[in-house]
Amino acid sequence: QVQLGESGGGLVQPGGSLRLSCAASGPIFSILTMGWYRQAPGKQRELVAVFTDNGPANHSDSVKGRFTILRDNAKNTVYLQMNSLIPEDTAVYYCYAKVRGFSMRTGDYWGQGTQVTVSS
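Residues numbered from 1 in each chain as written. Predicted model: local features only at pLDDT ≥ 70, side-chain atom pairs only at ≥ 80, totals over all residues. Heavy atoms only, no water.

Per the counting criterion, the structure on display carries five salt bridges. One salt bridge in this structure joins Asp 89 and Arg 38, with 2.9 Å as the shortest N-O distance. Remark: Arg 38 occurs in strand β4 (residues 30-39) and Asp 89 occurs in the loop between β8 (77-82) and β9 (91-100); sequence separation between them is 51 residues. Given a relative accessible area of 1%, Asp 89 falls into the buried group. For Asp 108, the salt bridge identified is with Lys 98, shortest N-O distance 2.9 Å. (Salt bridge = Lys/Arg side-chain N within 4 Å of Asp/Glu carboxyl O. Helix = DSSP H or I, 4+ residues; strand = E, 2+ residues; numbered from the N terminus. Buried < 20%, exposed > 50% of the residue type's maximum accessible area, 1.4 Å probe, protein only.)

Okay, structure coming up:
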């Protein structure tokens, strides 16, 4: 079973920075898509940033210029460097991956979520 292990959330003051990590493990042939979503209380889950098919990173308009998604293909890991955080960034951040297994079937996987709170 593929698993996504997240770390790095926490409480930070406005203007501060955090770095999230997500490592994929298990029977992985290739990772087709990997990135981050977030869900604030009372709101729908939304895309933050993602890598697709080894292409360039895509960032949502709300985080462009402040957040950067990075990847380490050798470690099946993505990072989300979050700078200039604002209270509106407060949410549970979920790692997502679309993975191709050794059977060549693909599956969608989610991490357990990590809380990010931006508050003074």
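What follows continues from the structure just given.
Met 34, Trp 36, Val 48, Phe 67, Leu 80, Met 82 and Tyr 93 are the most contacted members of the largest nonpolar core, which has 28 residues in total. Examining the composition of this core, we find that five residues originate from one element, β9, more than from any other. Setting aside anything within four residues of it in sequence, one finds Met 82 in contact with Gly 16, Ser 17, Leu 18, Leu 20, Arg 66, Phe 67, Tyr 93 and Val 116. (Core = buried A, V, L, I, M, F, W, Y, C linked by side-chain atoms within 4.5 Å. Contact = heavy atoms within 4.5 Å.)

The next point concerns the pairing of β4. Two elements, β4 and β9, share nine bridges in a ladder whose sense is antiparallel. Considered in β9, the bridge of Trp 36 is made with Cys 95. Direction of pairing for β4 relative to strand β5 (residues 46-52): antiparallel, over a ladder of six bridges. Counted as the bridge partner of Thr 33 is Thr 52 from β5. The turn joining β4 and β5, which pair antiparallel and follow one another in sequence, is formed by six residues; a positive phi near 75° is taken by Gly 42. (Pairing = 2+ DSSP bridges.)

A cluster of nonpolar side chains, namely Phe 29, Phe 102 and Met 104, defines an oily patch on the protein surface of about 340 Å² accessible area. Mapped onto the elements of the fold, Met 104 is located in the loop between β9 and β10 (106-110). (Patch = residues over 30% accessible without salt bridge, like charges linked within 9 Å, V, L, I, M, F, W, Y side chains within 5 Å. Areas by Shrake-Rupley, 256 points an atom, 1.4 Å probe, with all protein chains shown as cover.)

With that settled, consider the packing of aromatic side chains. By the definition in use, this model includes four aromatic pairs. Arranged with centres 5.2 Å apart and planes meeting at 70°, the rings of Tyr 37 and Trp 110 form a pair that is edge-to-face. A residue pair is termed long-range when its members are at least 10 positions apart, and Tyr 37 in strand β4 and Trp 110 in strand β10 qualify at 73 residues. Between Tyr 96 and Trp 110 the ring centres are 4.9 Å apart and the planes differ by 50°, which places this aromatic pair in the tilted class. (Phe/Tyr/Trp six-rings, centres within 6.5 Å; stacked < 30°, edge-to-face > 60°.)

Taken in spatial order, the four strands of this open sheet run β1-β3-β8-β7, and their pairing is antiparallel. With one partner strand each, in any of the chains shown, β1 (3-7) and β7 (67-72) form the two edges of the open sheet. Strand-to-strand twist in this sheet, taken as the mean axis angle between neighbours without regard to direction, amounts to 15°. Of the strand pairs in this sheet, β1 and strand β3 (residues 18-25) are connected by five bridges, and their pairing is antiparallel. Each bridged residue has a counterpart across the sheet, and for Ser 7 the counterpart in β3 is Ser 21. (Axes fitted to C-alpha atoms, helices over the stretch in contact; angles between N-to-C directions.)

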